[in-house]
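Here is what each chain is made of, one letter per residue.
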Amino acid sequence: MAIHTTILNGFLGAGKTTLMQNLLVQARTMPDITLGVVVNEMSTLDVDGSVLDTSEVIARHSPHFASVPGGSISSADGLPHFRQAVQSVLADGEVTHLLIETSGSTHPWPLLTAIRDMPELDLHGVLSVVDTVVLWQDHDQGRAIHAGASANLERGQRGVENLLAEQIMFANRVMLSKSDKVAPEVLQQVAQAIHPLNPYVDIIAMQWGNISLAAVLDLPAYDYPRVATLGAELMEWEAEHSTAPMAQPESYDIGTRVLNDPRPFHPKRLWDVYNRYLGIGIYRSKGFFWLPSRDNLVLLWNQTAGSVGLEIMNYWKVCTLEDDSLNLSDWELAAMRDKLVGMHPDFGDRRCKLTVIGQESDLDAFVEALETCFCTDDEITAWKNGATFDDPWPKSVATLDT
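What counts as what
- Residues numbered from 1 in each chain as written.
- Predicted model: local features only at pLDDT ≥ 70, side-chain atom pairs only at ≥ 80, totals over all residues.
- Heavy atoms only, no water.
- Helix = DSSP H or I, 4+ residues; strand = E, 2+ residues; numbered from the N terminus.
- Contact = heavy atoms within 4.5 Å.
- Polar contact = N/O pair within 3.5 Å; in protein donor to acceptor, adjacent residues only side chain to side chain.
- Buried < 20%, exposed > 50% of the residue type's maximum accessible area, 1.4 Å probe, protein only.
- Pairing = 2+ DSSP bridges.
- Right-handed = clockwise from strand over helix to strand, strands pointing away.
- Axes fitted to C-alpha atoms, helices over the stretch in contact; angles between N-to-C directions.

**Student:** Help me understand the environment of N260 in this model?
**Tutor:** Within the secondary structure layout, N260 lies in strand β8 (residues 254–261). Separated by 90 residues in sequence, N260 and F170 place their C-alpha atoms 36 Å apart. Among all residues touching N260, those that are not within four sequence positions of it are R351, C352 and K353. Within the local environment of N260, its side chain forms a polar contact with the side chain of R351, the two groups lying 2.5 Å apart.

**Student:** Any chance you could explain the pairing of strand β6 (residues 173–177) here in plain terms?
**Tutor:** Strand residues, when the strand is regular, have side chains that alternate between the two faces of the sheet. Burial analysis of β6 places five of its five residues in the buried class, which makes it a mostly covered element. Side chains R173, M175 and S177 project from β6 onto one buried face, and the interleaved V174 and L176 project onto a second face that is buried too. Inspection of the sheet shows β6 paired to strand β7 (residues 203–205) by three bridges, in the parallel sense. Counted as the bridge partner of V174 is I203 from β7. Note on the crossover from β6 through helix α8 (residues 184–194) to β7: the handedness is right-handed.

**Student:** What exactly am I supposed to notice about the sheet that holds β6 here?
**Tutor:** Across a sheet, paired strands are connected by hydrogen bonds in the backbone, their directions being either parallel or antiparallel. Within the open sheet, the seven strands sit side by side as β3-β2-β4-β1-β5-β6-β7. Their pairing is parallel. With one partner strand each, in any of the chains shown, β3 (65–69) and β7 form the two edges of the open sheet. Pairwise comparison of adjacent strand axes, ignoring direction, gives a mean angle of 20° for this sheet. Strand direction decides the pairing type here: strand β1 (residues 3–10) and strand β5 (residues 121–131), joined by eight bridges, are parallel. Along β5, the bridge assignment pairs G10 with V129. On the sheet, α8 packs against β6 and β7 and is oriented at approximately 150° with respect to β6.

Here you go:
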């Protein structure tokens, strides 16, 4: 029997992983539902997979979880890896429903055609997660998307507006995420602006991924005939203009950079870089890092457009060895020391690992600015000696119930 399949598609930072987490939590209360998960990450750093693993909604070692980092599963190079991931997740025959989270640069059409030709999958939901705040602030409340996409095609090129528009056009449900961050009238204006792109589907407001899993699973079978003409037109345009394939991030001048360094970020310099160097061409940056002022915490850097969120994901393993309140047994301490063998003598498992995604023309300047935030040797010595650091980042902690 073909497996009921749902795609979570949408641009960089729109909230797909948050929605995935919410759906997985709900599945725990449904004994007849076993979700399989395939997560795609544009960067070679598999941050989304790590977030899902750390949040304990699904474990990396689960046979029902697969991650495909380093590109788009909709591309010619990515599709074979996607098919292998699906085979792996479905191998034991226990999965009843499959969720696919695409990377933010994924164009839906090549993936849709691939799934149509996979008899083991039965596609129902194609959810386009759209960032309400980004459309409001950067795309004239969404009105600029259609005009920009059309102008690009007239010039014989494709741009981010085309990707945003077509992610909506191929959906059978549109989710306006972060709806709590705008006024109700703004939310309505954004919905009205994008509705002509896909007048056949519902547009639903969403905050923190609060969508019913039952409602997602009840979506009807995907209507391929409805989008067949659009898909054919896009393929014809691509063939005539000899551009990079629509599934390639290069078609939209989107690139990635990775920072991987054991040193901490200086909290004040990081604050200054965020406020001075984060331009409109930096669509997304995310990853794990640490600060000398909060050196026990694994922090998640989560930036979309002009907003940054910091989340506490866990505690560094090296800190557990120094925390007597945990009352770890001798064998637990020994096991923890074994895990830290070969790691940095001063930092242990602490490390800054970030991926930055944006327009190629803007990436290097922002990444170079970030690199100036790493603590110097003198600052690291000061940290080891117990010095305090100017830390302007928020100190309060909010906990979300799931």
